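Topology and contacts: notes
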Amino acid sequence: MKITEMLRREQATVSCEIFPPKKDDDFPGVVKAARQIAALRPDFISVTYGASGGTSQNTIRIAGMIQEEFGVTTLAHLTCASSTREKVRETIGEIKAAGLQNILALRGDIPKDADFPLPGQYRYASELIGEIKAAGDFCIGGACYPEGHIECPSKEADLDYLKGKVETGCDFLTTQMFFDNNILYRFLYRALAKNITVPVLAGIMPVTNAKQIKRITELSGTELPYRLKVMIDRFGSDPAAMKQAGIAYATEQIIDLLSNGIRGIHLYTMNKPDVAAKIFDNLSAVLGRDAS
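Let me sum up the structure you'll find in this document. None of these values were measured; they are calculated from a predicted model.

Helix and strand counts for the protein chain come out as 11 helices and 8 strands. Here the C-alpha radius of gyration of the protein chain, 18 Å, is about what a compact globule of 292 residues would show, namely 19 Å. Principal-axis analysis of the C-alpha atoms places the extent of the protein chain at approximately 50 × 45 × 40 Å. Within the span of the protein chain, comprising 292 residues, buried residues form 54% of the whole. The contacts of the protein chain with a sequence gap of at least 6 include a subset with a gap of at least 24, amounting to 80%. Within the structure as shown, the protein chain displays about 13,900 Å² of accessible surface, and the carbon and sulfur contribution to it stands at 50%. A gap of 2 Å separates the mean positions of the 34 positive and 35 negative side-chain charges of the protein chain.

By rolling a water-sized probe across the atoms, one finds the places where empty space is left. One pass over the full model with this rule turns up 1 cavity of 30 Å³ or more. Here the largest cavity defines a volume of roughly 40 Å³. If you trace the largest cavity, you find it lined by Pro206, Thr208, Gln212, Tyr268, Thr269, Met270, Lys272 and Val275. Classifying every residue of the lining of the largest cavity gives 4 nonpolar, 3 polar and 1 charged.

As for its position among the elements, Thr59 is in helix H3 (residues 56-68). A distance of 2.6 Å separates a polar side-chain atom of Thr59 from the backbone oxygen of Thr48. Setting aside its immediate chain neighbours within four residues, Thr59 contacts Pro20, Val47, Thr48, Tyr49, Ala76 and His77.

Here strand S2 (residues 44-47) shows no split at all, with Phe44 and Ser46 on one side and Ile45 and Val47 on the other all buried. Bridge count between strand S1 (residues 13-18) and S2: 4 bridges; the pairing is parallel. Paired with Cys16 across the strands is Ile45, a residue of S2. Of the crossover connections in this fold, the one passing from S1 over helix H2 (residues 27-38) to the parallel S2 is right-handed. Where S2 meets strand S3 (residues 73-79), 4 bridges bridge the pair, whose relative direction is parallel. When the bridges of S3 are listed, Phe44 appears paired with Thr73.

So, about the environment of Phe178. When you line up the elements, Phe178 lands in the loop between strand S6 (172-175) and helix H7 (181-193). In this structure, the C-alpha to C-alpha distance between Phe178 and Glu147, residues 31 residues apart in sequence, is 8.1 Å. Sequence-distant contacts of Phe178, defined by excluding residues within four places in its chain, comprise Pro146, Glu147, Leu184, Ala202, Gly203, Ile204, Thr222, Gln253 and Leu257.

A word on the pattern of salt bridges. In total, this model carries 9 salt bridges according to the counting rule given. Two residues, Glu151 and Arg107, come together in a salt bridge whose shortest N-O distance is 3.0 Å. You can see Glu151 sitting in the loop between strand S5 (139-144) and helix H6 (155-168) and its partner Arg107 sitting in the loop between strand S4 (102-106) and helix H5 (125-135), a full 44 residues away along the chain. Classification of Arg107 by relative accessible area gives buried; the value is 18%. Beyond isolated ion pairs, a larger network of salt bridges with shared partners links Glu156, Asp160 and Lys194.

Two packed helices can be described by the angle between their axes and the distance between those axes. Close contact between H5 and H6 brings their axes to 9 Å; oriented N to C, the two are set at 5 degrees. Taken together, the axes of H5 and H6 lie roughly parallel to each other. Contact residues: Ala125, Ser126, Ile129, Gly130 and Lys133 in H5; Gly164, Lys165 and Thr168 in H6. Residues belonging to the contact of H5 with H6 are distributed by class as follows: 2 nonpolar, 4 polar and 2 charged.

Moving on, we get to the layout of surface pockets. For the second largest pocket, the calculated volume is near 460 Å³. In terms of lining, the second largest pocket is formed by 23 residues, of which the most central are Leu188, Val198, Val200, Gly261 and Ile262. Of all the secondary-structure elements, those providing two or more residues to the lining of the second largest pocket are helix H1 (3-7), H7 and strand S7 (200-204). With 6 residues, H7 is the largest single contributor of residues to the lining of the second largest pocket.

Within the largest apolar cluster, 64 residues are counted, with the highest numbers of intra-cluster contacts made by Ile132, Leu173, Leu257 and Ile265. Among the elements that line this core, the one with the most residues is H2, at 6 residues. Apart from residues lying up to four places away in sequence, Ile265 is in contact with Thr13, Val14, Ser15, Ala202, Ile204, Ile254, Leu257 and Leu258. Among the nonpolar cores identified, the runner-up in size contains 15 residues, and Ile213, Leu228, Met231 and Met242 belong to it.

The rules we used
Residues numbered from 1 in each chain as written. Predicted model: local features only at pLDDT ≥ 70, side-chain atom pairs only at ≥ 80, totals over all residues. Heavy atoms only, no water. Helix = DSSP H or I, 4+ residues; strand = E, 2+ residues; numbered from the N terminus. Rg over C-alpha atoms; globule rule 2.2 N^0.38 Å. Buried < 20%, exposed > 50% of the residue type's maximum accessible area, 1.4 Å probe, protein only. Contact = heavy atoms within 4.5 Å. Areas by Shrake-Rupley, 256 points an atom, 1.4 Å probe, with all protein chains shown as cover. Lys, Arg positive; Asp, Glu negative; His and termini not counted. Charge placed at Lys NZ, Arg CZ, Asp CG, Glu CD. 1 Å grid on protein atoms, 1.4 Å probe; cavity = no way out; pocket = protein on both sides within 12 Å on 5 of 7 lines; lining within 4 Å. Points joined across faces, edges and corners; volume = space filled by probe spheres on them. Nonpolar A, V, L, I, M, F, W, Y, C, P; charged D, E, K, R; others polar. Polar contact = N/O pair within 3.5 Å; in protein donor to acceptor, adjacent residues only side chain to side chain. Pairing = 2+ DSSP bridges. Right-handed = clockwise from strand over helix to strand, strands pointing away. Salt bridge = Lys/Arg side-chain N within 4 Å of Asp/Glu carboxyl O. Axes fitted to C-alpha atoms, helices over the stretch in contact; angles between N-to-C directions. Parallel < 35°, antiparallel > 145°, perpendicular 65-115°, else oblique. Core = buried A, V, L, I, M, F, W, Y, C linked by side-chain atoms within 4.5 Å.

Treat this as a map of the structure, not an account of what it does.
Next up, the structure:
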């Protein structure tokens, strides 16, 4: 099923993310996590591509497995910063051959100490979106940054780039993680003023590891609101307490988003099915998925 079909429904969509293993020895553990997350029956599961495209074969393999064996629609990530146009076309063909209909088109991280772009490479995600659009009947997702992309000189310029992605053929957007819902609400108003009207899924990351989240936010430029900072300071040295507090914070964020009309939630689960399961359980009635 195409994700755009899901997004037309009245019920809110909730999706999760899996990242492939960096080493083949870790593959069984990722498959186990994917199976457990699929058992929660999210609307779809996205599978990341890896910063340098090195996990591309595992991306397609895992996405195909989730869809065919676990019965959950998948969204395969595809990046272009570390690949030639020829390699990108080859990968799109492999995605199509695997029966996958949904692709999240990303530029990806620029390889360290590399000249970019080299001849034969795409410079922007919008160029990749155009290539995917020309290759077949895919549903194409893109990324957006409520706080502005860290490399962009201004939020206004970032919105202009985003509008270009949408006009090229992006069908929906998923936000980078954010921890203050007001940041998303302001972003959506600014996007609407630019006539960006495709569905936007809110990217939520449960904060369960203090060191990890500090490293991630430093790289992404995402701000931590005061009340989250004090929560991390208070519970960050106690893994069990940090996990419980982080799940509670994410649950509260999602309830506020749904209350304010946001109809798509995307969980950055970090391959932690227990965290995803707790959030699904916390929200079962709110989402209209109460088994009772």
